[in-house]
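# Summary of the model geometry
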Amino acid sequence: QSGTESNWRKRHTESIIEEMNKEGYEVLYRNGFMNQDRQIQDMRTFIAYKVDMIVFTPIVEDGWDAVLLEAKDAGIPVIVVDRHIRTAEENLYLTHIGPSFKAEGNRAGLYITNHFQNSSQTSIKILEMRGLAKTSSANFRSEGFTEVISRDSRIAIVASLEGDYIRSKAKDVFRNYIEENGWIDIDVLYSHNDEMTLGILEVMKESGIVAGQDIIIVTIDGQAEMIENLRAGKVNCVVECNPNAGWYVRNTIKRYLKGNPIPNEIYMPETVFSDKGNLESIPPREY
């Protein structure tokens with residue numbers, strides 16, 4: 001696993017381990033602590049242990065070729081979960097299981113274009129709080145969002161800041177930005193994950209900004225705390241990023257062991273919660 005930086009990530013890990021245990025598999029778990037070198041060393045340890053399969057969540061997209069080639073040479077199939085990777089050589093891993101980050105960005109953009117569709121406002125300015133650089137989630141969430149908002153010439157991203165998916169980092173970065181530039185021109189905050197949004201909400205409260213009204217807020221993940229903020233009117237739209245990969249990993253492993261063909265991509269279903277919907281019908285969150 002890449003780390004334990006959020007409730008989302010912790011639930012992601014729990015989901016996979018819970019489902020593996022249902023099959024009676026022996027699961028060796030390692031926490032990468034948001035460090036790629038450490039993750040690669042963990043994978044080499046698993047290869048030395050001669051495990052039957054490696055399931056891993058990459059931190060960044062690039063830099064995995066060597067260790068994946070080692071796993072392949074050792075006859076150990078690898079499943080990539082959550083974020084995507086890029087490899088120079090094909091067929092270095094069995095499949096990728098996770099969300100469509102671009103679709104998440106599309107959904108966030110769609111909420112904004114619909115929200116301002118009948119508005120007479122001539123200019124709509126967005127502040128984007130991006131996730132960790134060089135990750136597929138940050139890149140695709142930006143790409144998908146920009147693709148949709150570009151259909152309305154009034155809407156523009158005036159600043160893209162980097163919060164690294166960490167609450168404290170986003171909090172500091174956002175505070176510094178509004179101290180230097182003010183916030184009055186910001187119509188929308190688009191945040192790549194709930195942890196960063198929670199940090200920003202603290203700064204908004206300190207600064208007298210009425211979250212959800214002075215600034216429209218769209219965030220991605222769907223943590224329980226953020227759904228409560230949605231119900232309280234402090235955020236306007238929560239795009240779900242589904243952490244419950246366990247069943248999909250378990251099913252894929254079972255199919256593989258039976259000799260069934262496995263597709264290159266397995267996308268998990270996700271939805272959107274917004275102030276336009278029935279907020280009481282949202283099922284309890286597990287994270």
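Description of the structure in this document. (Residues numbered from 1 in each chain as written. Predicted model: local features only at pLDDT ≥ 70, side-chain atom pairs only at ≥ 80, totals over all residues. Heavy atoms only, no water.)

### Some remarks on the overall build of the protein
If you tally the helices and strands in the protein, you get nine helices and ten strands. Compactness check: the protein gives a C-alpha radius of gyration of 20 Å against a globular reference of 19 Å for 287 residues, within 12% of the reference. Dimensions of the protein, computed from C-alpha atoms along their principal axes, come out at roughly 60 × 40 × 35 Å. Residues classed as buried in the protein amount to 52% of the 287 residues present. Summing over all exposed atoms, the protein offers an accessible surface of approximately 13200 Å²; the carbon and sulfur share of this is 47%. With 32 positive and 43 negative side-chain charges, the protein shows a spacing of 3 Å between the two charge centroids. (Helix = DSSP H or I, 4+ residues; strand = E, 2+ residues; numbered from the N terminus. Rg over C-alpha atoms; globule rule 2.2 N^0.38 Å. Buried < 20%, exposed > 50% of the residue type's maximum accessible area, 1.4 Å probe, protein only. Areas by Shrake-Rupley, 256 points an atom, 1.4 Å probe, with all protein chains shown as cover. Lys, Arg positive; Asp, Glu negative; His and termini not counted. Charge placed at Lys NZ, Arg CZ, Asp CG, Glu CD.)

### A word on the pairing of strand β6 (residues 188-191)
Burial of the side chains of β6 extends over both faces: V188 and Y190 are buried on one face and L189 and S191 on the other. In the classification by handedness, the crossover that spans β6, the intervening helix α7 (residues 194-207) and the parallel strand β7 (residues 216-221) is right-handed. (Right-handed = clockwise from strand over helix to strand, strands pointing away.)

### Regarding the side chain of E19
The topology assignment puts E19 in helix α1 (residues 7-22). Residue E19 is classed as buried on the basis of its relative accessible area, which comes to 11%. A polar contact of 2.8 Å, which involves the side chain of E19, links it to the side chain of R250. The contacts of E19, once residues within four sequence positions are left out, are G246, W247 and R250. (Polar contact = N/O pair within 3.5 Å; in protein donor to acceptor, adjacent residues only side chain to side chain. Contact = heavy atoms within 4.5 Å.)

### What to know about α1
Along an α-helix, residues three or four positions apart point the same way, because every turn accommodates 3.6 residues. The terminal C-alpha atoms of α1 lie 23 Å apart, and with 16 residues this matches the ideal 22 Å at 1.5 Å per residue to within 8%. Tucked into the core, α1 has its buried residues touching β2 (78-81), β7 and α9 (246-257). Positive phi shows up at G24, right after α1, with a value of about 80°. (Expected span 1.5 Å × (residues − 1).)

### A look at the sheet that holds β2
Judged by pairing direction, the sheet is parallel, and its four strands sit side by side in the order β1-β2-β3-β9 without closing on themselves. The open sheet has two edge strands, β1 (54-56) and β9 (265-267), and neither has a second partner. Adjacent strand axes in the sheet meet at a mean angle of 20° when their direction is disregarded. Sheet strands in contact with α9 are β1, β2, β3 (95-98) and β9, and its direction is about 155° off that of β3. (Pairing = 2+ DSSP bridges. Axes fitted to C-alpha atoms, helices over the stretch in contact; angles between N-to-C directions.)

### Topic: the packing of helix α2 (residues 36-48) against helix α3 (residues 65-73)
Put simply, α2 and α3 touch, their axes get as near as 10 Å, and they point 10° apart. Relative to α3, α2 is oriented roughly parallel. Across the interface between the two elements, I40, M43, R44 and I47 from α2 touch A66, V67, L68, E70 and A71 from α3. Looking at side-chain class alone, the contact of α2 with α3 contains seven nonpolar, no polar and two charged residues. (Parallel < 35°, antiparallel > 145°, perpendicular 65-115°, else oblique. Nonpolar A, V, L, I, M, F, W, Y, C, P; charged D, E, K, R; others polar.)

### Some remarks on the state of the cysteines
Throughout the structure, instances matching the rule amount to zero disulfides. No disulfide involves C237; its sulfur sits 14 Å from the nearest other cysteine sulfur, which is in C241. Given a relative accessible area of 0%, C237 falls into the buried group. A residue is classified by how much of its surface remains accessible, and C241, at 2% relative accessible area, is buried. (Disulfide = S-S within 2.5 Å.)

### Description of the packing of helix α4 (residues 101-115) against helix α5 (residues 136-149)
Packing of α4 against α5 brings their axes to within 7 Å, and their N-to-C directions diverge by 35°. Two packed elements cross with a definite hand, and for α4 against α5 that hand is right-handed. Between α4 and α5, the residues in contact are F101, K102, E104, G105, N106, A108, G109, L110, I112 and T113 and S136, S137, F140, R141, E143, G144, F145, E147, V148 and I149, respectively. Residues that form the contact of α4 with α5 fall into these classes: eight nonpolar, seven polar and five charged. (Left-handed = near helix turned anticlockwise from the far one by under 90°.)

### Quick look at the sheet that holds strand β8 (residues 237-240)
Here six strands make up an open sheet; going across it, the order is β5-β4-β6-β7-β8-β10 and the pairing mixed. In this open sheet, the two edge strands, each paired with only one partner strand, are β5 (155-162) and β10 (272-274). Each strand of the sheet is rotated relative to its neighbour by a mean of 15°, with strand direction disregarded. Relative to β5, strand β4 (residues 124-130) is paired through seven bridges, and the arrangement is parallel. Paired with L127 across the bridge in β5 is A159. In the packing of α5 onto the sheet, contacts are made with β4, β5, β6 and β7, and the angle to β4 comes to roughly 170°. Taken strand by strand, helix α8 (residues 224-231) contacts β7, β8 and β10, and its axis lies near 150° from that of β8.

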